[in-house]
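# Fold and geometry: a report
The residues making up each chain are set out below.
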Amino acid sequence: MKTMTKSGAAALPLNSIVSGDCIEVMRSLPEASVDLIFADPPYNLQLKGDLHRPDNSRVDAVDDAWDKFDTFAAYDRFTREWLAAARRLLKPHGAIWVIGSYHNIFRVGAALQDAGYWILNDVVWRKSNPMPNFRGKRLTNAHETMIWASKSEGAKYTFNYEALKALNDGVQMRSDWVLPICTGHERLKDERGEKAHPTQKPQSLLHRVMVGCTKPGDVVLDPFFGTGTTGAVAKMLGRDWIGIERDAGYIKAAEARLAKVRKYDRDALVVSTSKRAEPRIPFGQLVERGLLRPGEMLVNARGKQAKVRADGTLIADDVRGSIHQVGAAIEGAPSCNGWTYWSFSRDGQKVPIDLLRQQLRAELG
């Protein structure tokens, strides 16, 4: 489903599932039009026969035709083609996440680098409830690997560091994520009560990726859409999404799922940001706006005072300069954060000048 603009140029089929081959569809979409790509490509598991549990019951493993390739060379060719089509779609600041297992992720990683992407991190998704190794001949395969890459070396990309830190209880987010596999109420079932998709990813995984690497209104593309986890999370988080899928059964399941998803309210979509990302407020604006008056005295924690001047500088004894320079001179330090160093007096109470800065930032939205 490709729509057109009034000028006749191809337009993005936002918030819809496009049926077809992912490479052909991506090649038909406008260049540099997508902010983030999340890709869960075939893993090429190379399964030989059925897999059984110790009680001889059959394991519902991935044996679908879409996961089978005749040779490693055929899989590599497919990987190079879809990665090239994906890179063409990314905006200059865009990024890609690719998830895989030991069967394919190393081949995908090499292809990413060969295609010109710049790897930022590999993230280990450690499954808190993995499927055991029933044959007892190998270690339990308890993780999958995700590669996060920018479009090119030196390219800017979205990284909401403070938001991920907040998600992780105030601790810097690490590159090993312990999350459960998709089970229970989240697992989609077909009419027979069986899994609608054998490798449905948990919403928690996509939530973390999108909170960390996108902004509301960004366009997120999933070229291997399956039953629509990427679209569901994008819709909830106020991101536009595009899904590409060729299996009619998966499309039907995804459409039914997405119809039930509601977007979070506007306030809930705001995430934590760093101080550097907030609007810059010069101290002089406080004077211009009348929040502080020329001649008014600021005071530090020890009672040392400095007078506010009309141009937004301070004077204390024989020291003149910015709120930072005067604070540093008083302390005999190489630097000083004047916003947290100085206070002013209101109704007999000391009030940090940073509160006035926050007031102006709130007015700026």
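Calculation rules
Residues numbered from 1 in each chain as written. Predicted model: local features only at pLDDT ≥ 70, side-chain atom pairs only at ≥ 80, totals over all residues. Heavy atoms only, no water. Helix = DSSP H or I, 4+ residues; strand = E, 2+ residues; numbered from the N terminus. Buried < 20%, exposed > 50% of the residue type's maximum accessible area, 1.4 Å probe, protein only. Areas by Shrake-Rupley, 256 points an atom, 1.4 Å probe, with all protein chains shown as cover. Phe/Tyr/Trp six-rings, centres within 6.5 Å; stacked < 30°, edge-to-face > 60°. Lys NZ or Arg CZ within 6 Å of the ring centre and 35° of its normal. Salt bridge = Lys/Arg side-chain N within 4 Å of Asp/Glu carboxyl O. Core = buried A, V, L, I, M, F, W, Y, C linked by side-chain atoms within 4.5 Å. Contact = heavy atoms within 4.5 Å. Pairing = 2+ DSSP bridges. Right-handed = clockwise from strand over helix to strand, strands pointing away. Axes fitted to C-alpha atoms, helices over the stretch in contact; angles between N-to-C directions. Parallel < 35°, antiparallel > 145°, perpendicular 65-115°, else oblique. Left-handed = near helix turned anticlockwise from the far one by under 90°. Patch = residues over 30% accessible without salt bridge, like charges linked within 9 Å, V, L, I, M, F, W, Y side chains within 5 Å.

### Let's talk about the overall build of the chain
Per the secondary structure count, the chain includes twelve helices and 16 strands. Per-residue burial for the chain yields a buried fraction of 44% across its 365 residues. When the accessible surface of the chain is summed, it comes to about 19700 Å², and 50% of that surface belongs to carbon and sulfur atoms.

### Regarding the packing of aromatic side chains
Each aromatic ring pair is described using two quantities: the centre-to-centre distance and the angle formed by the ring planes. A complete count under the given rule lists eleven aromatic pairs for this structure. For the pair W148 and Y157, a centre-to-centre distance of 5.5 Å together with 90 degrees between the ring planes defines the contact as edge-to-face. With a relative accessible area of 36%, Y157 lands in the partly exposed category. For the pair F283 and W339, a centre-to-centre distance of 6.0 Å together with 65 degrees between the ring planes defines the contact as edge-to-face. Highlighted residues: F283 in helix α9 (residues 283–288) and W339 in helix α11 (residues 338–341), separated in sequence by 56 residues. The exposure classification of F283 matches that of W339, with both residues buried. An aromatic cluster is built from W97, W148, Y157, F159, Y161 and W177, whose rings are joined through pairwise contacts. The ring centre of W125 lies 5.2 Å from the NZ or CZ of K127, which sits over that ring. The cationic tip of R208 hangs over the ring face of W177; the distance from NZ or CZ to the ring centre is 5.0 Å.

### Some thoughts on the pattern of salt bridges
Close approach of charged atoms allows side chains of opposite charge to pair. Inspection of every chain in the model, using the stated rule, returns ten salt bridges. Ionic pairing is found between E296 and R293, a salt bridge with its closest N-O pair at 4.0 Å. A relative accessible area of 51% means that R293 is categorised as exposed. Counted as one network, the salt bridges with shared partners bring together R293, E296 and R346.

### A closer look at the nonpolar core
Across soluble globular proteins, nonpolar side chains show a tendency to be buried alongside one another. By size, the foremost hydrophobic cluster in this structure holds 36 residues, and its most contacted members are W97, M146, W177 and L205. Among the elements that take part in this core, helix α5 (residues 203–213) stands out by supplying six residues, more than any other. Setting aside residues up to four positions removed in sequence, W177 forms contacts with W97, V123, V124, W125, R126, M146, L205, R208 and V209.

### Looking at the pairing of strand β10 (residues 240–245)
Burial analysis of β10 places five of its six residues in the buried class, the great majority of the element. Sheet analysis places strand β3 (residues 16–19) next to β10, joined by four bridges and oriented parallel. By the bridge assignment for β10, S16 is matched with I242. Note: strand β9 (residues 219–222) against β10, four bridges, orientation parallel. Residue pairing for β10: L221 is matched across the bridge by I242. Taken together, β9, helix α6 (residues 229–236) and β10 form a β-α-β motif whose crossover is right-handed.

### Describing the packing of helix α2 (residues 72–89) against helix α3 (residues 105–114)
Contact geometry for α2 and α3: axes closest at 10 Å, N-to-C directions at 45 degrees. Between α2 and α3, the angle is such that the two are oblique. Along this stretch, α2 crosses α3, giving a crossing that reads as right-handed. In contact with F72, Y75, D76, T79, R80 and L83 of α2, α3 contributes R107, V108, A111 and L112.

### Structural notes on a nonpolar patch on the surface
Taken together, Y157, F159 and Y161 make up a surface patch of nonpolar side chains, about 270 Å² in accessible area. Inspection of the secondary structure assignment puts Y161 in helix α4 (residues 161–167).

### A look at helix α10 (residues 323–331)
Buried within α10 we find I323, V326, G327 and A328. Check the buried side of α10 and you find it contacts α9, β12 (305–308), β13 (314–316), β14 (319–321) and α11. Backbone geometry just downstream of α10 places G332 in the positive-phi region, at approximately 65 degrees.

### Here we look at the environment of N15
When you line up the elements, N15 lands in the loop between β2 (10–11) and β3. Taking the C-alpha atoms as reference, N15 lies 9.6 Å from L221; in sequence the two are 206 residues apart. If we skip the residues at most four places from it in the chain, N15 touches R239, D240 and W241.

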